[in-house]
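Residue strings, one per chain:
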There are 2 protein chains.
Amino acid sequence: MFTEIAHTKIYLQILEQIKENIIQGHLKSGDRLPSERQWAEQLGVSRATIREAIRALEMIGLVVCQQGEGNFIAENFEDTLTQPLTIMFWLSNGQLSEVQELRRALETESAKLAAKNMTPERYASLEKLCYAIETETDESVRAELDKQFHYEIATASENKMIRNVLLSSATLIEALIKDIRIAILLDTERGPIIDQQHRNILNALRNKEPLNAAFAMSQHMDLIDGFVAGLKLDKS
Amino acid sequence: MFTEIAHTKIYLQILEQIKENIIQGHLKSGDRLPSERQWAEQLGVSRATIREAIRALEMIGLVVCQQGEGNFIAENFEDTLTQPLTIMFWLSNGQLSEVQELRRALETESAKLAAKNMTPERYASLEKLCYAIETETDESVRAELDKQFHYEIATASENKMIRNVLLSSATLIEALIKDIRIAILLDTERGPIIDQQHRNILNALRNKEPLNAAFAMSQHMDLIDGFVAGLKLDKS
């Protein structure tokens, strides 16, 4: 499964070997990696090198270390991009509006793809969520349901790349502006319009109209842009 | 600049401290990090721990290690997302069409933003590139110029997040399908249409028409989608 390696930047080679094993189908999500001792022997490197590599792989979200259980290929990649995206944001002196524009690009495309792939089951689930948002009175529960509504559309896009980058950028926005969803819902000017915008998106999804779904999502993002433009970054 | 730390997952805490220093403006791109010895003393951890952390930071593209020179905060983040995006792709059993759809979302939004922010200087540079593509006869040079044309539009979007995710997804597509740009240019059916599509995008950018720019880019992506749909992944 793994072959002996030479040269420097050994952790990069280990990453390459893992990638190779994944591509060839020998390794998949949730699989246990060899023990550090076994792996070091197999690759002909020191245990310290293996540990370094595992830490690095943990950092990029590829490996999950479970105390006393061993190391596993991660099962959940939704958050893989959050860390590098966040660092990129801070190092490039990023603006909140840039993350919001990234989110807009992905939300719009995801609505378009979701409309193409809509099924009666998915529509029923989205309709239920929409109704729950409309009737919920607790703003923090409403914010959570709102998040779920957008995530279900991203899942319905059947594009895991778009879904995961979208989730990471949404996570970044929420880290930059704490409780942003609650704040938008409580906004007396914009809050009341949101339910109608969700219904517009939902109708286009039901009718399997990709362009209308993208347009309705884009209008919804316009509203959020307007809100985000008035906010300052939370550097705490 | 750095304070002593406790607990496990020390490399994650070191990452947090670096991030904090970046946010506060004490560290920026290109800055040298303390030597491993100094840093270990300052943080009250072993040198092995510091080395582990540095490897991990190198892996996510935050730190660049220069042999004999020391460790630096990276200056170039364009590629930060390529590695995690690639791993996500393989682990989620990704399809080429998914990466292409991701690219479409970002190219379209980037054309829209570039139209809003277009300047006479940028237009002149894009026009020159467009002309060079049209008159170049060597297909591999043409492919390189084509790539540059798209990258300059992404830069003109003035959104570093969209630009960098776009660059990473384009890099991933090019890794999955070697010489994809050359293959499209050599395609007898689609190749000849490309110059006109570039001109359509260029005209919308010159006239500062965001929606027309997005539409022209979207048509260009339709053409590339059609090409990509007929291709198989390169697993070599």
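Parameters and conventions
Residues numbered from 1 in each chain as written. Chains lettered and ligands numbered in written order. Predicted model: local features only at pLDDT ≥ 70, side-chain atom pairs only at ≥ 80, totals over all residues. Heavy atoms only, no water. Contact = heavy atoms within 4.5 Å. Buried area = accessible area lost by both parts, 1.4 Å probe. Salt bridge = Lys/Arg side-chain N within 4 Å of Asp/Glu carboxyl O. Least-squares fit on C-alpha atoms with pLDDT ≥ 70 in both. Helix = DSSP H or I, 4+ residues; strand = E, 2+ residues; numbered from the N terminus. Axes fitted to C-alpha atoms, helices over the stretch in contact; angles between N-to-C directions. Parallel < 35°, antiparallel > 145°, perpendicular 65-115°, else oblique. Left-handed = near helix turned anticlockwise from the far one by under 90°. Nonpolar A, V, L, I, M, F, W, Y, C, P; charged D, E, K, R; others polar. Phe/Tyr/Trp six-rings, centres within 6.5 Å; stacked < 30°, edge-to-face > 60°. Domains from an automatic or database assignment. Expected span 1.5 Å × (residues − 1). Buried < 20%, exposed > 50% of the residue type's maximum accessible area, 1.4 Å probe, protein only.

## So, the interface of chain B and chain A
Between chain B and chain A, the contact holds 55 residues from the first and 55 residues from the second. Buried area between chain B and chain A, summed over both chains or domains, comes out near 5,200 Å², and the portion from carbon and sulfur atoms is 73%. Looking only at chain B, the three residues that lose the most surface to chain A are B:Met59, B:Leu91 and B:Met161, adding up to 15% of its buried area. If you look at where chain B meets chain A, you find four salt bridges.

## Focus: the relation of the copies chain B and chain A
When chain B is fitted to chain A, the best match, at an RMSD of 0.1 Å, comes from turning it 180 degrees and sliding it 0.0 Å along the axis. Look at the turn and shift together and you get a two-fold axis relating the two. Across chain B, the rotation axis passes nearest the C-alpha of B:Ala56, at a separation of 1.9 Å. Comparing interface residues between copies, 100% of those in chain B also sit at the interface in chain A, which points to an isologous, same-surface contact.

## Describing the environment of A:Lys116
Residue and element names in this part refer to chain A. Along the chain, lysine 116 turns up in helix 5 (residues 96–116). Spatially, the C-alpha atoms of lysine 116 and glutamine 38 are 48 Å apart, while their sequence positions differ by 78 residues. Those residues within four positions of lysine 116 in sequence are excluded, and the remaining contacts are Lys208 and Pro210.

## Some remarks on the packing of helix 7 (residues 139–156) of chain B against helix 10 (residues 191–206) of chain B
All names here are of chain B. As a packed pair, helix 7 and helix 10 sit with axes 13 Å apart at the nearest point and diverge in direction by 20 degrees. One way to sum up the angle between helix 7 and helix 10 is to call them roughly parallel. Two packed elements cross with a definite hand, and for helix 7 against helix 10 that hand is left-handed. Side by side, helix 7 and helix 10 meet where Arg142, Asp146, Phe149, His150 and Ile153 of the first sit next to Ile194, Asp195, His198, Ile201, Leu202 and Leu205 of the second. Looking at the contact of helix 7 with helix 10 residue by residue, the classes come out as six nonpolar, two polar and three charged.

## Notes on the packing of aromatic side chains
Scanning the entire structure with this criterion turns up two aromatic pairs over all chains. Judged by centre distance (5.2 Å) and plane angle (75 degrees), the ring pair of A:Phe89 and A:Trp90 falls under edge-to-face.

## Topic: the domain arrangement of chain A
Structurally, chain A comprises domain 1 (10–73) and domain 2 (82–229). Just the C-alpha atoms count here: the centres of domain 1 of chain A and domain 2 of chain A sit 35 Å apart.

## With respect to the pattern of salt bridges
Under the defined criterion, the tally for this structure stands at 40 salt bridges over all chains. Between A:Arg199 and A:Glu134 there is a salt bridge, with the nearest N and O atoms lying 2.7 Å from each other. Taken together, the positions of A:Arg199 in helix 10 (residues 194–206) and A:Glu134 in helix 6 (residues 120–135) put the pair 65 residues apart, joining distant regions of the chain. Each member of the salt-bridge network shares a partner with another, and the members are A:Arg104, A:Asp222, A:Asp225, B:Glu109 and B:Lys112.

## Here's the deal with the environment of B:Gln219
With respect to the secondary-structure elements, B:Gln219 resides in helix 11 (residues 210–228). Sequence spacing of B:Gln219 and B:Ile194 is 25 residues, and the spatial spacing of their C-alpha atoms is 10 Å.

## So, unusual backbone geometry
One non-glycine residue, A:Lys208, adopts positive backbone phi at about 50 degrees. Summarising the element assignment, A:Lys208 is placed in the loop between helix 10 and helix 11 (210–229). Of note, the phi angle at B:Asp179 is positive, near 55 degrees, even though the residue is not glycine. Its place among the elements puts B:Asp179 in the loop between helix 8 (160–176) and helix 9 (180–186).

## Focus: helix 1 (residues 10–23) of chain A
Here helix 1 of chain A contains 14 residues, and its C-alpha end-to-end distance of 20 Å stays within 8% of the 20 Å for a straight helix at 1.5 Å per residue. With eleven of 14 residues buried, helix 1 of chain A is to be regarded as a mostly interior element. Among all positions in helix 1 of chain A, only A:Ile10, A:Tyr11, A:Gln13, A:Ile14, A:Leu15, A:Gln17, A:Ile18, A:Lys19, A:Asn21, A:Ile22 and A:Ile23 are buried. Looking at the buried side of helix 1 of chain A, the elements it contacts are helix 2 (36–43), helix 3 (47–59) and strand 2 (70–73) of chain A together with helix 3 (47–59) and helix 4 (82–91) of chain B. Positive backbone phi, approximately 85 degrees, marks A:Gly25, located one or two places after helix 1 of chain A.

## Remarks on helix 4 (residues 82–91) of chain A
Judged by how many residues are buried, helix 4 of chain A sits mostly within the fold: nine of ten residues are covered. All of the buried residues in helix 4 of chain A are A:Thr82, A:Pro84, A:Leu85, A:Thr86, A:Ile87, A:Met88, A:Phe89, A:Trp90 and A:Leu91. Contact partners of the buried residues in helix 4 of chain A: helix 5 and helix 8 (160–176) of chain A together with helix 1 (10–23), strand 2 (70–73), helix 4 and helix 8 of chain B. Once helix 4 of chain A ends, the next one or two residues include A:Asn93, with phi positive near 55 degrees.

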